[in-house]
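Residues per chain are reported as follows:
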Amino acid sequence: MSLKFSATAIALAISLAGCAPMTQYVDPKTDNVAVMGLDYKDFETAASKMVNDMLDSPLMVHPKAAQGGRFVVAMSNITNDTAQRIDTDQLVKKIRVSLLNSGRFVVTTAVGLNGPEDAMTAKSRALKGSKMMNQATVKKNGRVVAPDFSLSGKIIQRNNRVDGRTQQVDYYFQLTLTNLDNGLAYWEGEEAIIKRGDNRTVSW
Amino acid sequence: MRGLIVACLLGVLAGCATPQARKDFSRDLASGDLPAATSSAVQAAGPQDAEPNDLLWALEAGSLLRHSGLTERSTKMFDSAESLMKDDDTRNLVASTGNQALSMLANDNVLPYSPAVYDTVMLNTYKALNFWRDGDYENARVEWNRSDDRQRRAAEHFEAEIAQQRDEVSQAQNADLTTRSLEGSSQALQKAGVDVSQWEPYAGYVNPAAVYLHGLYFLFNGEGRADAEKARSSLERAYGLTKHAQVKSDMNAARRKSGKLKPAVWVLFENGTAAHKEELRIDLPLFLISGDVKYTGIALPVMRDGTPAYPYLTIGRQQTQPLADMDTIIRGEYKTRFNGILIKEILRATAKTVLQKQLNDSNPLLGSLGAIAQAVSTQADLRGWSTLPHNFQLATVPYPQSNRLTLGVPGHDDIVVDLPSEKRPVLVYVRAINAALPPRVDILASR
């Protein structure tokens, strides 16, 4: 009886162990799993399409591009106006990497909407006069480059019922590059990501 | 066979005990012992150092943590509650068949707590207020968007639920009998002083307080045209439902395309505890299966009024005026669900009575045991989020020169609130659960 019980218990344990999802690597190129919220694939798609569009714009070519001239971009505010608790820096980072890799833009970390992203540019100037520092290596004032453009944007979510079982969620990624010289938007882009799925529950 | 029957009876009786934790919680709240009530709610929500697994307790714990000023812990608790709500929405019907079958043998208390729509709206509203209080405007915006979407879904949800109830009656094995039982029950309810027809929801099942706060948030903190539109649209909806003079004034401010909002103090008073359910037992002469049946009856949850902590607050010569009635929201939603609950209870009583007769036919002693089990297990599901308020009240006053606001609380010492020294639009949010607990005052400033 006890042998039978043990065998059954072992069989049950093995079968239950077989039910637990195994940890596995995901290949982003072949990953077809979709969620109603926003995930890394959506950020990847939105960022790459918008950057390509930005790079195609004739206004986004530096007048001295042939001599290696590049526009300096400062990051402004990206508003998350969705029902998803997401980190907009994730989207911004992908855009920044793509812009930098294009060879046509550089991003400043010395200027930001709520202060510099990296305060070290300013702090390193405070070393001027420090006896500890080799003064020839202390960075000089007047050399930090001011931004040409500011990148701002918004992510919007719209929910609609398709039928009793299905809902549609539209996400709009909107970005604007403003020329800081004259305050005009030199480039604007919008990328929509539409998802349809289960209406039994909320989209987040 | 007997073992199976005994197991069934045990299962049936398991759904009948009133948990001690609930009694302790109510006692601690009534006596004004906030730390003890909070601690028992947190413990009952789930094991320490693990995600809460009891939705109703997580909601109570989230509310009381908020009342204790522990907004981060409150939000975390509400986050877990929201995740449990999602599990409830998507629970696999097949997986819950066992629970449903047990609930047909016992009562709905054996099922996990299924949240009301107003629970879901209030959960996101409280999280938004928590973030606003902590100056986390990004996450506050997300929670307001969620609250707004939940309100949109409410009307759809009830439309579907009413249709489902209609289908349940027509598909019931004894549709005729069920219809007659429903009519008979309505008369019995009226005799017991329960007039379901009076439980009217606000139009579209909207929670006007949540809509107003959504509008006010974007009126205070909006960035750009889209936010101004959100403020206008919500305040128009809130005014349509409440006709409150201050809401009208806010709506007009939101309609003005330009101009900064002048510094002033909005006082929102979240007052008392909400309408709750009480059990009403009715013996129904509906089956008439045989004289061998010793007991049959149903137990229905019926709504009773909530309790205000104070009639109003005063600020100088002004009194807070009613903005929205949470009792109306709760009763209105419950009214829509009531027929479904009644149908289920009648079907359950039928099933139990048939089982009792079969037991009696095989052995009269078992029949008697079955009758006892049926009598004991006939219990209404009275669960609900007990720390929701009775009502919401509102008043607005000019920003005091002294930067100090004195709130008059009838029968209680005045509360002096230190406002930000930089004058701007400010929401003073006052929550009073009962007269035994000191009111909680939070300052929610515009950016």
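It should be emphasised that the depicted structure is a prediction, and the values quoted were computed from it without experimental measurement. (Residues numbered from 1 in each chain as written. Chains lettered and ligands numbered in written order. Predicted model: local features only at pLDDT ≥ 70, side-chain atom pairs only at ≥ 80, totals over all residues.)

> Is there a simple way to think about the overall build of chain B in this case?
A count of helical and extended segments in chain B gives 14 helices and eleven strands. In chain B, which comprises 447 residues, the proportion classed as buried is 43%. At a minimum sequence separation of 6, the contacts of chain B that also span at least 24 residues come to 72%. (Helix = DSSP H or I, 4+ residues; strand = E, 2+ residues; numbered from the N terminus. Buried ≥ 20, exposed ≤ 12 C-beta atoms within 10 Å, placed from the backbone. Contact = placed C-beta atoms within 7 Å.)

> Even after reading the chapter, I still don't get the sheet that holds strand β2 (residues 105-108) of chain A, so can you show me in this structure?
Within a sheet, neighbouring strands are paired by backbone hydrogen bonds and run either parallel or antiparallel to one another. Residue and element names in this part refer to chain A. The sheet built from five strands is open, its strands ordered β2-β1-β3-β4-β5 with mixed pairing. The strands lining the two open edges of the sheet, one partner per strand, are β2 and β5 (184-198). On average, each strand axis in the sheet is inclined to that of its neighbour by 30°, with strand direction left out of account. The pairing of strand β1 (residues 71-81) with strand β3 (residues 149-161) spans seven bridges and is classified as parallel. Among the inter-strand pairings, Asp81 is bridged to a residue of β3, identified as Ile156. Its contacts with the sheet place helix α3 (residues 88-102) against β1, β2 and β3, and it is angled at close to 135° to β2. (Pairing = 2+ DSSP bridges. Axes fitted to C-alpha atoms, helices over the stretch in contact; angles between N-to-C directions.)

> Please explain the environment of B:Ala274 as it appears in this structure.
Residue and element names in this part refer to chain B. Tracing the chain through its elements places Ala274 in the loop between β1 (264-271) and β2 (276-282). In this structure, the C-alpha to C-alpha distance between Ala274 and Asp327, residues 53 residues apart in sequence, is 5.8 Å. The residues touching Ala274, leaving out its near neighbours within four places in the chain, are Gly306, Met326, Asp327, Ile330, Leu388, Pro389 and His390.

> Could you clarify how one ought to interpret the interface of chain B and chain A in this entry?
Much of the literature gives interface size as the accessible area that the parts lose upon coming together. Contact with chain B, which involves 15 residues of that partner, is made by 15 residues of chain A. Put simply, the parts of the chain that give the side of chain B that touches chain A at least two residues each are α5 (71-89) and α8 (137-171) of chain B. It is α8(B) that contributes the most residues to the side of chain B that touches chain A, eleven residues altogether. Looking at side-chain class alone, the side of chain B that touches chain A contains two nonpolar, three polar and ten charged residues. (Nonpolar A, V, L, I, M, F, W, Y, C, P; charged D, E, K, R; others polar.)

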